[in-house]
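Here is what each chain is made of, one letter per residue.
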Amino acid sequence: MRTDITKQELQNILKEAYETFRNDTGGKNADYIPYLSRIDRKLFGIAACLPNGEILSVGDCDYPFGVESVSKVMTAILILKQYGAETIMHMIGADATGMPFNSIMAILLEKNHPSTPLVNAGAISAVSMVQPVGNSAQKWQAITENIKELCGSETELIKELYRSESVSNHNNRAIAWLLKSYNRIYDDPELSLDLYTRQCSLSVTAKQLAVCAATIANGGLNPVTGKRVFNSSLSPKIVSMMAAVGFYENTGDWMFSTGLPAKSGVGGGIMGVMPGTLGIAAFAPPLDGAGNSVKAQKALRYITDRMETNIYSSQRVKIRECAATVNAS
Ligand code: GLN
C-alpha cells in the first residue's frame, strides 16, 4: 500500500486511464430524457483537483454536460448547512435503498422516510426543504449559488435539457405527489419538482466536478477559490451518503471494488471523493443499466487501483508537493 504519489505520476495515471478506455464502446446514452440521447457518445474526460487547487486533466474536461444526479450531493450539502445533520436524518434519512434512483417501490416500502437525498425521492424532498420555503426564485438562487461555490465557478442552465426533462418527468411527478401523501415533502410538490428538474439541467464540466469533489475531500474549503463553503463537520456526513448510495443498486459492488465514495449522474458524469487526498471526476455519456457512466466507472476504478487509495484502508495517500492548506474550520 503506497502512502504518497507525485503529481507527475498522477498525471500519467490519468492519461493511461484515458488511453485505456477511450475506445470502449460499452453502454448507451440515457434515452428517457431526449436531450441526453443526442449527446456525442465519444466524449470522454477525466479531471483531478489537488488540495492546493491545481487541476490535472485529460480529454474533454471543458465540455459542459448535464449535472443530473450529481447535483443531489450539492443540494444535500445546502440543506445540511441550512438545517444541520440531525434534522436531515430525521426529515429525509441517509439510508441506501438498494433500488433504482427513480424507484417508487422504495418510497412505498419506507413511507415515513425518503431514505437519502441522493435518490430522486430524497432529492425532491431535499429541494423542498431549501430555504426560503415557498419562494421559488430565492430557492433557485440559493441552489445555484451553493453549486457555484462548490464548483468554484458559474454553472449555466442547459435550457434545452430543462425543457426536454420537464416534458418527460412523469415518474418524478408521481414521486413528488406520493411524498406529499406521506408528508415527506416540505414545500409545494410542483414547485419542488420544477426546481429539482432545473438543478439537474445545470451544466458542469469534469473540471468543475473535480473542484466540487476536492472541496468535499478538503473538509468544505474550496481549494481553488480559498473560500470555506461548509463546515468541516459536514464532510463525513456527505461522504457517507455517497458511499452508501452513490451508484444506486450497484453501490455495494462499486465500493467493494474501488473504495471510492462517488456519485453518478445520467448526464455521464461521476464525481469521486478521496477524503484528505483529492477530488476526481470523469465524464462519458454511455451508461450501464443502473444509470452510471460505463467509461467513467472504468477510468475511476483504474485510477484508484493504480493510486492504491481506498477509503476503507488504514493508509491515506498524499500528493507530494501539495499539502492541504487548512483542513478544519
Ligand atoms: N434528472 C434525472 C432524473 O430525475 C436524474 C437521474 C440521475 O442522474 N440518475 O431522472
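S.K.: Just to check I follow, could you spell out the overall build of the protein for this structure?
M.R.: A tally of regular secondary structure across the protein gives 14 helices and nine strands. Taking 20 Å as the expected radius of gyration for a compact globule of 329 residues, we find that the protein reaches 18 Å, a close match to that expectation. Taken over the C-alpha atoms alone, the protein extends approximately 55 × 45 × 35 Å along its principal axes. Looking at the protein as a whole, 57% of its 329 residues are labelled buried. Here the contacts in the protein between residues at least 6 apart in sequence split such that 72% fall between residues at least 24 apart. Accessible surface, the protein as shown: approximately 12,400 Å² in total, 52% of it carbon and sulfur. Here the protein contributes 31 positively and 30 negatively charged side chains, and the mean placements of these two sets differ by 1 Å.

S.K.: Would you mind showing me how to read a nonpolar patch on the surface here?
M.R.: A cluster of nonpolar side chains, namely Met-105, Leu-108 and Leu-109, defines an oily patch on the protein surface of about 300 Å² accessible area. With respect to the helices and strands, the residue Leu-108 is situated in helix α5 (residues 105-109).

S.K.: What should I look at first to understand the site of the ligand in this one?
M.R.: Within the structure, the ligand sits among Tyr-32, Glu-68, Ser-69, Phe-101, Asn-120, Glu-165, Asn-172, Tyr-196, Cys-200, Tyr-248, Gly-265 and Val-266. One nitrogen or oxygen atom from the side chain of Tyr-32 is found 2.6 Å from an oxygen atom belonging to the ligand. Here Ser-69 contributes a side-chain N or O atom positioned 2.7 Å from an oxygen atom of the ligand. Relative to its free-state accessible area of 300 Å², the ligand is covered by the protein chains to the extent of 99%. Looking at the shell around the ligand, its residues break down into six nonpolar, four polar and two charged.

S.K.: How do you make sense of helix α14 (residues 294-307) when you look at a structure like this?
M.R.: Owing to its 3.6 residues per turn, the α-helix aligns residues three or four sequence positions apart on the same side. In this model α14 runs 20 Å from its N-terminal to its C-terminal C-alpha over 14 residues, within 8% of the 20 Å that 1.5 Å per residue would give. Those residues of α14 that fall on the buried side of the exposure criterion are Val-294, Lys-295, Ala-296, Gln-297, Ala-299, Leu-300, Ile-303, Thr-304 and Met-307. The opening residue of α14 is Ser-293, an N-cap whose side-chain oxygen sits 3.1 Å from the backbone nitrogen of Ala-296.

S.K.: Hey, could you run me through the nonpolar core in this one?
M.R.: In globular proteins that are soluble, nonpolar side chains generally tend to be buried together. Counting 77 residues, the largest nonpolar core has Val-73, Met-74, Ile-143, Leu-209, Ile-216, Ile-238 and Met-271 as its most contacted members. Ignoring sequence-local partners within four residues, the contact set of Met-74 consists of Val-67, Asn-146, Ile-147, Leu-150, Cys-151, Leu-209 and Cys-212. In this structure, Leu-56, Phe-247, Met-255 and Ala-262 belong to the second largest nonpolar core, which totals 33 residues.

S.K.: Looking at this structure, I do not really get the packing of helix α3 (residues 70-83) against helix α6 (residues 120-129). What am I missing?
M.R.: Two quantities define a packed helix pair, namely the angle between the axes and the distance from one axis to the other. Their axes nearest at 9 Å, the elements α3 and α6 cross at an angle of 45 degrees. Comparing their axes, α6 and α3 come out oblique. Two packed elements cross with a definite hand, and for α3 against α6 that hand is left-handed. Residues Lys-72, Thr-75, Ile-79, Gln-82 and Tyr-83 of α3 lie in contact with α6, whose contacting residues are Asn-120, Ala-123, Ala-126, Val-127 and Met-129. The residue inventory of the contact of α3 with α6, partitioned by class, reads six nonpolar, three polar and one charged.

Basis of the calculations
Residues numbered from 1 in each chain as written. Predicted model: local features only at pLDDT ≥ 70, side-chain atom pairs only at ≥ 80, totals over all residues. Heavy atoms only, no water. Helix = DSSP H or I, 4+ residues; strand = E, 2+ residues; numbered from the N terminus. Rg over C-alpha atoms; globule rule 2.2 N^0.38 Å. Buried < 20%, exposed > 50% of the residue type's maximum accessible area, 1.4 Å probe, protein only. Contact = heavy atoms within 4.5 Å. Areas by Shrake-Rupley, 256 points an atom, 1.4 Å probe, with all protein chains shown as cover. Lys, Arg positive; Asp, Glu negative; His and termini not counted. Charge placed at Lys NZ, Arg CZ, Asp CG, Glu CD. Patch = residues over 30% accessible without salt bridge, like charges linked within 9 Å, V, L, I, M, F, W, Y side chains within 5 Å. Salt bridge = Lys/Arg side-chain N within 4 Å of Asp/Glu carboxyl O. Near = heavy atom within 4 Å. Polar contact = N/O pair within 3.5 Å; in protein donor to acceptor, adjacent residues only side chain to side chain. Nonpolar A, V, L, I, M, F, W, Y, C, P; charged D, E, K, R; others polar. Expected span 1.5 Å × (residues − 1). Core = buried A, V, L, I, M, F, W, Y, C linked by side-chain atoms within 4.5 Å. Axes fitted to C-alpha atoms, helices over the stretch in contact; angles between N-to-C directions. Parallel < 35°, antiparallel > 145°, perpendicular 65-115°, else oblique. Left-handed = near helix turned anticlockwise from the far one by under 90°.

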